[in-house]
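# Coordinates in review
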Amino acid sequence: MNSDVEQKYKDSFKKIRQDLNDFMDLMDVGFVLNGEPPTNRRIFEAVIYGHKAHEANDYHREFFDRWFKNKIPFFKIASEHLWNEFYVILITFTYYLRLAKDLNEEILKDARQN
């Protein structure tokens, strides 16, 4: 593989990574939690590391417990909204993983041909 091709792949990967990070840093839920609007990353990490991980992280568990498990009516509505947001975030996250996977397959195919 020549350096121009390698740079093309590096640039493609950087774009995928940057687009994913830009998406994860969006604050788009429409309300404020603990004094700040949560980012997609905060919601994603709260579920993954505060709820689903075998050894839940205290920082993420506190957020998850406060906002996803609260039974007070407003918070119950907010919790349902956050679950919906999480599913959208998860789908988008897997989309970017797929882009990275496809790029890696293209790189391997190109390397085998050269």
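Residues numbered from 1 in each chain as written. Predicted model: local features only at pLDDT ≥ 70, side-chain atom pairs only at ≥ 80, totals over all residues. Heavy atoms only, no water.

## Observations regarding the nonpolar core
As a reminder of what qualifies: In these notes, a set of buried Ala, Val, Leu, Ile, Met, Phe, Trp, Tyr and Cys residues joined through side-chain atoms within 4.5 Å is what counts as a nonpolar core. Whether a residue is buried, partly exposed or exposed follows from its accessible area with a 1.4 Å probe, protein chains only, as a fraction of its type maximum: under 20%, in between, or over 50%, in that order. The way it works is that DSSP assigns letters per residue, a run of H or I at least four long becomes a helix, a run of E at least two long becomes a strand, and they are numbered from the N terminus. Residues count as neighbours in contact if any of their non-hydrogen atoms are within 4.5 Å of one another.
Of all hydrophobic cores here, the largest spans 21 residues; its most connected members are Met 24, Ile 43, Phe 68, Leu 82 and Ile 89. For this core, the element with the highest residue contribution is helix 4 (residues 73–113), accounting for six residues. Setting aside chain neighbours within four positions, we find Met 24 in contact with Thr 39, Asn 40, Arg 41, Phe 44, Ile 89 and Phe 93.

## Comments concerning the environment of Phe 44
For Phe 44, the location among the structural elements is in helix 2 (residues 40–52). Considered as a pair, Phe 44 and Leu 82 are 38 residues apart in the sequence and their alpha carbons are 9.7 Å apart.

## Quick word on the pattern of salt bridges
Pairs can form between side chains of opposite charge whenever their charged atoms are close. Selection criterion: The salt bridge criterion pairs a side-chain nitrogen of Lys or Arg with a carboxyl oxygen of Asp or Glu, the two atoms within 4 Å.
Using the criterion set out here, one finds six salt bridges in the structure. Linking Arg 41 and Asp 25 is a salt bridge whose minimum nitrogen-to-oxygen distance equals 3.0 Å. Linking Arg 41 in helix 2 with Asp 25 in the loop between helix 1 (3–24) and helix 2, this pair joins segments that are 16 residues apart in sequence. Assessed through its relative accessible area of 24%, Arg 41 is described here as partly exposed. The partly exposed category is assigned to Asp 25, whose relative accessible area is 42%. Among the salt bridges present, the one from Asp 102 reaches Arg 98, with a minimum N-O distance of 3.0 Å. With Asp 102 and Arg 98 both in helix 4 and four residues apart, this pair spans about one turn of that helix. Taking relative accessible area as the criterion, Asp 102 reaches 31% and is therefore assigned partly exposed. Linked through salt bridges whose partners overlap, the residues forming this network are Arg 98, Lys 101, Asp 102 and Glu 105.

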